[in-house]
Amino acid sequence: MLDAVIVGAGFAGMYMLHRLRGLGLTARVFEAGTGVGGTWYWNRYPGARCDVESMDYSYSFSEELQQEWRWTERYSAQPEILRYANHVADRFDLRRDIQFGTRVTAAIWDERAGTWTVGTDRGDSVPARFCIMATGCLSDAQVPAFPGRDSFAGRSFHTGRWPHEPVDFTGRRVAVIGTGSSAIQSIPLIARQAAHVFVFQRTPNYSMPAHNAPLDPEYERSVKGRYAEFRRQARESRVGFVTERSGDSAMTVPDEAREREYETRWNRGGLGFSAAYTDLLTSREANDTAARFFREKIRAIVRDPAVADLLCPKDYPLGTKRLCVDTDYYATFNRDSVTLIDVRKDPIEAITPTGVRVAGVEYAVDDIVFATGFDAMTGALLDIDIRGRADRRLAVEWTGGPRTYLGLAIAGFPNLFAITGPGSPSVLSNMIVSIEQHVDWIADCMAYLRAHRLATIEATSAAQEAWVQHVNEVGHTTLYPLAPSWYMGANIPGKPRVFMPYIGGVGLYRQKCDEVAAKGYEGFALGA
Ligand code: NAP
């Protein structure tokens, strides 16, 4: 009997396996892809790149690994991150316990045996004491049900399911549907090759320049010289990496000083912009000052005023949909070969065999790129038939939105853990920091159970309800719920509108999780 089944061999699943092995526990990982890397295995679209800096976005669990691995750029591109994932898999000999090309379809709790039975699309039926979901928050790719969606006769791609061979767009007419992070990264590169790109935009996004560059060797040396401290600060920070945080309100500083601060941050690039003032994500008035700054930037870059206007976000606060980080996104709309089409006013009517139809006009294309996102945070979990005590189905338990204790565990589902699940900081943080924290917590918990000869651990309903309420309350002290974002489930028709991640901050959240463990797993029922 295995101690654990781990679902997914992305960064979470790989590290989970490594930790369990270190405890002398047995585990098998099931992975739908043919290789490791999760997000970085699937998202191979042109321009795919991390929006967290390379020195931050990497494992910290091995001093040798973090010292020896060399990143080449400030923000790593997908092929390099995938090489890193493969290096980790080889270095720690992970592959022998990973079954690739196998999708988990069911996880059923056997009340009498006190075990999970995990079923796969390959016919496996594997019992294990624990089931650990390392299924990722943005892994369930979605193509909206456009009328005629499957009638298109040309090539079509989803950014999150990109082919493993390079796709050549030279001389082709390409439709890109969506303007989220994936579109914003890929459009400039597709436009360099294509004869024409038609961008179908429903909601414009706020995007920061990346100012990507080769990694400064001096910076690399300095970080590596103090990596332990650098990582400690990241773990205790709000978002899992250290960024210069001001203690001021945007409304208490003079206008010129505020503009200067925004300009400095724009020139620095990246996600640190929202940390410019304490109230950018809590006060609409403060947020408006930053949003105005962005709109002016867009208008200064994009020559055609009508196109610039269409690219300006106006009806939701900056940062409440995930801020994007780009290279040449707005400038790409200065190309004669790029056309922006507003599908807010007139939604896409149909995909036809030869193109995309909007407001009675057909845009004839050779290729369609669906950059239409994911059923975030819950999609990958609910795609699996998960049944806990008394045959309770997770899909039913979560009808009104996800309910977890600490984003890690679910009442009624003993010995089941979710890594970076809904109700934890996950998508609002540097994912690797959050992954390592969850994996370490779960591994420590399993070691505790073994040491105390305990067979099961299960969140109590009371602790779960209190946590759900806390997550909700903290979320609603911010501006986040004002945007129809995937954080809110708003991108999936019919999905409950609940702010899913925990916004209390990575450092504070870690403290709470550690306190729970220190108090003998407060809020959990432990069974012999
Ligand atoms: P996304 O942010 O959900 O964007 C999907 C896009 O498709 C949106 O513009 C959306 O419009 C549009 N769309 C969806 N349904 C549509 C419809 N029926 N008609 C027209 N347009 C439609 O997905 P994503 O770009 O793949 O990014 C998802 C997340 O992954 C990001 O927020 C980020 O956290 C992560 N990511 C990170 C990076 C990075 O590290 N640099 C890169 C890529 C992705 P609406 O906005 O109107 O819904």
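Before reading further, recall that the structure is shown in the block above.
Model, not experiment: these values are computed from the prediction.

Cut-off values and rules
- Residues numbered from 1 in each chain as written.
- Predicted model: local features only at pLDDT ≥ 70, side-chain atom pairs only at ≥ 80, totals over all residues.
- Heavy atoms only, no water.
- Helix = DSSP H or I, 4+ residues; strand = E, 2+ residues; numbered from the N terminus.
- Rg over C-alpha atoms; globule rule 2.2 N^0.38 Å.
- Buried < 20%, exposed > 50% of the residue type's maximum accessible area, 1.4 Å probe, protein only.
- Contact = heavy atoms within 4.5 Å.
- Lys, Arg positive; Asp, Glu negative; His and termini not counted.
- Charge placed at Lys NZ, Arg CZ, Asp CG, Glu CD.
- Axes fitted to C-alpha atoms, helices over the stretch in contact; angles between N-to-C directions.
- Parallel < 35°, antiparallel > 145°, perpendicular 65-115°, else oblique.
- Left-handed = near helix turned anticlockwise from the far one by under 90°.
- Nonpolar A, V, L, I, M, F, W, Y, C, P; charged D, E, K, R; others polar.
- Near = heavy atom within 4 Å.
- Polar contact = N/O pair within 3.5 Å; in protein donor to acceptor, adjacent residues only side chain to side chain.
- Areas by Shrake-Rupley, 256 points an atom, 1.4 Å probe, with all protein chains shown as cover.
- Core = buried A, V, L, I, M, F, W, Y, C linked by side-chain atoms within 4.5 Å.
- 1 Å grid on protein atoms, 1.4 Å probe; cavity = no way out; pocket = protein on both sides within 12 Å on 5 of 7 lines; lining within 4 Å.
- Points joined across faces, edges and corners; volume = space filled by probe spheres on them.
- Phe/Tyr/Trp six-rings, centres within 6.5 Å; stacked < 30°, edge-to-face > 60°.
- Lys NZ or Arg CZ within 6 Å of the ring centre and 35° of its normal.
- Pairing = 2+ DSSP bridges.
- Salt bridge = Lys/Arg side-chain N within 4 Å of Asp/Glu carboxyl O.

Undergrad: Mind showing me how you'd approach the overall build of the chain here?
TA: Helix and strand content of the chain: 16 helices and 20 strands. Radius of gyration (C-alpha) of the chain: 23 Å, near the 24 Å computed for a compact globule of 528 residues. A principal-axis box enclosing the C-alpha atoms of the chain has dimensions of 70 × 55 × 45 Å. Buried positions account for 59% of the 528 residues belonging to the chain. Put simply, 71% of the contacts in the chain that link residues at least 6 apart link residues at least 24 apart. The averaged location of the 63 negative side-chain charges in the chain is 2 Å from the averaged location of its 59 positive side-chain charges.

Undergrad: Would you mind going over the packing of helix α8 (residues 255-268) against helix α9 (residues 284-301) with me for this structure?
TA: For any two helices packed against each other, one specifies the inter-axial angle together with the distance between the axes. At a minimum axis distance of 11 Å, the contact between α8 and α9 shows a crossing angle of 55 degrees. The pairing of α8 with α9 is recorded here as oblique in orientation. When the axes of α8 and α9 are compared, the crossing they make is right-handed. In this structure, α8 uses Arg258, Glu259, Tyr262, Glu263 and Trp266 to contact α9, whose residues at the interface are Ala286, Thr289, Ala290, Phe293, Phe294, Glu296, Lys297 and Ile301. Its residues assigned to classes, the contact of α8 with α9 comprises seven nonpolar, one polar and five charged.

Undergrad: Can you help me understand the site of the ligand in this one?
TA: In the vicinity of the ligand, 23 residues are found, and the nearest of them are Arg49, Thr179, Ser182, Thr203 and Lys321. One of the side-chain N or O atoms of Thr203 is found 2.4 Å from an oxygen atom in the ligand. Relative to its unbound accessible surface of 900 Å², the ligand loses 88% to contact with the protein. Grouping the constituent residues of the shell around the ligand by class yields nine nonpolar, nine polar and five charged.

Undergrad: What is the right way to look at the nonpolar core in this model?
TA: Where a protein is soluble and globular, its nonpolar side chains tend to be buried together. Counting residues in hydrophobic clusters, the biggest one holds 107 residues, and the most contacted among them are Phe11, Leu20, Ile132, Trp441 and Phe524. Not counting chain neighbours up to four residues away, the residues in contact with Trp441 comprise Leu408, Phe417, Cys513, Asp514, Val516, Ala517, Tyr521 and Phe524. Residues Ile187, Ala194, Ile298 and Val302 belong to the second largest nonpolar core, which totals 30 residues.

Undergrad: What is the right way to look at empty space enclosed by the protein in this model?
TA: Any empty space left between atoms is shown by rolling a water-sized probe over those atoms. One pass over the full model with this rule turns up four cavities of 30 Å³ or more. Computed from the structure, the largest cavity encloses a volume of approximately 50 Å³. Of the pockets and cavities examined, the second largest cavity occupies roughly 40 Å³. Looking at the second largest cavity, the residues that line it are Met55, Ser58, Leu65, Gln66, Trp69, Trp71, Tyr84, Lys224, Tyr227 and Arg231. Residue assignment for the lining of the second largest cavity shows that the elements contributing at least two residues are α3 (63-68) and α7 (227-236). Among the residues forming the lining of the second largest cavity, the class breakdown is six nonpolar, two polar and two charged.

Undergrad: Would you explain the packing of aromatic side chains in this entry?
TA: Two numbers describe a pair of aromatic rings. These are the distance of the centres and the angle of the planes. If you walk through the whole model with that rule in mind, you get 47 aromatic pairs. Seen in terms of ring centroids, Tyr59 and Tyr84 are 6.1 Å apart; in terms of plane orientation they differ by 35 degrees. Their pairing is tilted. Within this pair, whereas Tyr59 is found in the loop between α2 (39-42) and α3, its partner Tyr84 is found in helix α4 (residues 78-91), the two being separated by 25 residues in sequence. One exposure class covers both Tyr59 and Tyr84, and it is buried. Taken together, the ring pairs in this structure connect Phe11, Tyr15, Trp40, Tyr57, Tyr59, Phe61, Trp69, Trp71, Tyr84 and Phe92 into an aromatic cluster. Sitting above the plane of the Tyr41 ring, Arg44 keeps its charged end 4.9 Å from the centroid. Taking the ring centre of Trp42 as reference, the NZ or CZ of Arg161 above it sits at 4.4 Å.

Undergrad: I keep staring at the sheet that holds strand β8 (residues 173-177) and nothing clicks. Help me out?
TA: Sheet strands pair by backbone hydrogen bonding; their relative direction is either parallel or antiparallel. Pairing is parallel across the open sheet formed by five strands, whose spatial order is β7-β16-β8-β9-β12. The open sheet is flanked by β7 (155-158) and β12 (338-342), the only strands paired with a single partner. In this sheet, adjacent strand axes meet at a mean angle of 15 degrees when their direction is disregarded. Taken together, the five bridges between strand β9 (residues 196-201) and β12 define a ladder with parallel strand orientation. The residue bridging Val197 from the neighbouring strand is Val338, located in β12.

Undergrad: Sorry if this is basic, but what is going on with the pattern of salt bridges here?
TA: Two side chains bearing opposite charge may form a pair once their charged atoms approach each other closely. Evaluated as defined, the whole model comprises 39 salt bridges. In this structure, Arg74 and Glu53 form a salt bridge, with 3.2 Å as the shortest nitrogen-oxygen distance. Remark: Glu53 occurs in the loop between α2 and α3 and Arg74 occurs in the loop between α3 and α4; sequence separation between them is 21 residues. Note that Glu220 and Arg70 form a salt bridge whose closest N and O atoms lie 2.7 Å from each other. Residue Glu220 is found in helix α6 (residues 217-225), and its partner Arg70 is found in the loop between α3 and α4; the two are separated by 150 residues along the sequence. Its relative accessible area of 5% is what places Glu220 among the buried residues. Here the residues in one salt-bridge network are Arg21, Asp93, Arg96 and Asp97, joined through shared partners.

Undergrad: Before we go on, may I ask you to explain the environment of Gly523 in this structure?
TA: Along the chain, Gly523 turns up in the loop between α16 (506-518) and β20 (524-527). In this structure the C-alpha to C-alpha distance between Gly523 and Ser461, which are 62 residues apart in sequence, comes to 8.5 Å. Sequence-distant contacts of Gly523, that is, excluding residues within four places in its chain, are made with Tyr405, Glu458, Ala459, Thr460 and Ala463.

Undergrad: What should I look at first to understand the pairing of strand β15 (residues 361-364) in this one?
TA: Consecutive residues of a regular strand have side chains that alternate between opposite faces of the sheet. As paired strands, strand β14 (residues 355-358) and β15 are joined by four bridges and run antiparallel to one another. Across the sheet, the residue bridging to Arg357 is Glu362, located in β15.

Undergrad: What should I look at first to understand the side chain of Thr420 in this one?
TA: Position of Thr420 relative to the elements: it lies in the loop between β18 (416-418) and α14 (431-451). If we ignore the near neighbours within four places in the chain, the residues touching Thr420 are Cys137, Met377, Ser426, Met431, Ser434, Ile435 and His438.

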